[in-house]
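In case you want the letters, here they are:
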Amino acid sequence: MRKKHFMILVICALLYIPNLGSANASFYLPDSSGIELQWEYTETPPKRPYPRLLNSAQYAVKWKLDNPLMFEIVEDRNGIIYISDSDNRVLALYPNGQEKWSTQLASDQDLSVFNLHLGNDGTLYAYSSNTLYQGGGTTVFALSEDGAIKWKLESDNIFSRFEGNFSGDVSGNLIYFTNEGLVSRNAQGDINWINGDITTSPPVEYKGHQAQVYTDLQGNIYVDNNKQQIISLDPEGNERWTSQPQKHLDSFNAFHPFFSGTGSIYMLTEKGLHGLDSRNGQNRKAASLFDYNDIRYSGIPTDGQGGYYISIRGSVQKIDANGNSKWMYTPRESEKYGVGSLKPLATDSKGNVYFPTGVGNIIGLDSEGQEIFVFLRNGFWHRITEIVIGANDNIYSISHDIGIVAFGLKGVQVYSDNLPLPLSVKPINEKGTVLVPFRSLFEAYGMKVVWDSSSKKITGSKEGLQLELSIGSRTAYVNGNAMELTEAPRIANGSTYVPLRFIGESLKKKVSWDGKSQFVNIDPD
């Protein structure tokens, strides 16, 4: 077990307090149902049973990549997934499992633990915390979006070690703590400035205050201190404001801001939803914190209807804005190491919440606290599992001795250049022909759409191309030339569907089908 993970295990154990009850009883999927997932393991005896996917009527494994030890997973704004592993590599994967790039960071085995942080400009920072317990140096790599190493830093005076101790801004600057204070390092790896008034305790002094640092999309910087205050700096490192003490922050509720699109800074703790005005640091009144579109934009774990998900002391709860518990998820007996995460919980577009557990399970709950998805591993000792939720609501998970696994709802998924193609409704698979909502597809490729309700004719056009299709007819026209379709366009459940392959190939694209994963990918020809 690597040292980073050992420390996380200790923290998880300290945070875990068995639940004595819940506001509402949670509803569990039966352990005896589902499908057994076959993997070979390299762990020492006793061997545990193969993991089981519960609710396999709705969910399936979309793809997996075997790897004996992966450390961290992050996702960028385009849905690209980045993973670090024990071979000192960082891998970039498309959401359909195709590799975008792989970068070897170092050959020195003393640097074999790499955390990942994604900057607001798309720079990926990989950093080593392997020397945490010796109080020694830290190595940081800055990677571009194509996997090239932009710069490398080796230093003995960096105090930043884990999530929340580093922040990358929109200009490619990395902000972190050193023994001299808060430092900004630019996209070329050179120091911009050092603010010696903003400090944190050395990482070996666990009883001291471990400050957090974050940046917004304007490049402003936010740091907390041991007086429960939030300090904001401008991109040049000058203080903008200092807030009043935030009484809701404590050793169990660390500073973690969520930046809105309207100038609010949201914070979620077991005491409820809190807000600051990013312009002046003034507290926002609770009555002004109910713009749910703005809240969802900020990334706070929410059901989108006034409920918020939080992991605290080894349990997962749904609370309202005032901190009142709506329900608490009570772990199974096998969850001897608790449930939840040190990071904010992951939610999908429907307001469901997903989280890992201490024995390597992954749980998905709906807004009422009922299980809708369970990846049941029940490891015989503590397992580190991390997850992210993709834009297509797929569940991407890294786990010890398995690697990365992607789960999703059963059915066809459509990708364009390996990225999810946004569709208004689910595709239909009709005898091997995939049909998709016509307007979503046409507009995704820049086509002007005309729908004639009287003749039920669809026209899509762009420079040099005009497509005409009619509901119920297997004859279509490409620039006036008749073409035969395998399936006729149709109207189903209020949406109009057209054959995907015909449209893709008419656009001079290559359309491929993965029957095992039920993926369609549209690539440039």
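Above: the structure in question.
What counts and what doesn't
Residues numbered from 1 in each chain as written. Predicted model: local features only at pLDDT ≥ 70, side-chain atom pairs only at ≥ 80, totals over all residues. Heavy atoms only, no water. Salt bridge = Lys/Arg side-chain N within 4 Å of Asp/Glu carboxyl O. Helix = DSSP H or I, 4+ residues; strand = E, 2+ residues; numbered from the N terminus. Buried < 20%, exposed > 50% of the residue type's maximum accessible area, 1.4 Å probe, protein only. Patch = residues over 30% accessible without salt bridge, like charges linked within 9 Å, V, L, I, M, F, W, Y side chains within 5 Å. Areas by Shrake-Rupley, 256 points an atom, 1.4 Å probe, with all protein chains shown as cover. Contact = heavy atoms within 4.5 Å. Pairing = 2+ DSSP bridges.

**A word on the pattern of salt bridges**
Piece 1. Inspection of the entire model under this criterion finds 17 salt bridges.
Piece 2. One salt bridge in this structure joins glutamate 72 and lysine 343, with 2.9 Å as the shortest N-O distance. Residue glutamate 72 is found in strand β4 (residues 70–75), and its partner lysine 343 is found in the loop between β26 (325–329) and β27 (346–347); the two are separated by 271 residues along the sequence.
Piece 3. Residue classification places glutamate 72 among the buried residues on the basis of a relative accessible area of 4%.
Piece 4. Among the residues examined, lysine 343 registers a relative accessible area of 27% and is labelled partly exposed.
Piece 5. Residues glutamate 487 and arginine 490 are paired through a salt bridge, measuring 3.4 Å at the closest nitrogen-oxygen approach.
Piece 6. By relative accessible area, which is 23% here, arginine 490 ends up partly exposed.

**What about a nonpolar patch on the surface?**
Piece 1. There is a patch of nonpolar side chains on the surface, built from Val170, Leu217 and Tyr297 and spanning about 300 Å² of accessible area.
Piece 2. Mapped onto the fold, leucine 217 is located in the loop between β16 (213–215) and β17 (221–224).

**Focus on the side chain of serine 184**
Piece 1. With respect to the secondary-structure elements, serine 184 resides in strand β14 (residues 181–185).
Piece 2. Given a relative accessible area of 1%, serine 184 falls into the buried group.
Piece 3. In this view, serine 184 contacts Asn173, Leu174, Ile175, Asp190, Ile191, Asn192 and Trp193; residues no more than four positions away in its chain are not counted.

**A closer look at the pairing of β17**
Piece 1. Side chains Ile221 and Val223 of β17 all project onto a buried face; the interleaved residues Tyr222 and Asp224 project onto the opposite face, where all are buried too.
Piece 2. Between the antiparallel neighbours β16 and β17 lie 5 residues, among them glycine 219 with a positive phi of about 90°.
Piece 3. Looking at chain direction, β17 and strand β18 (residues 230–233) are connected through 4 bridges and run antiparallel. If you follow tyrosine 222 over to β18, its bridge partner there is serine 232.
Piece 4. Between the end of β17 and the start of β18, which pair antiparallel, lie 5 residues, with glutamine 228 showing a positive phi angle near 65°.

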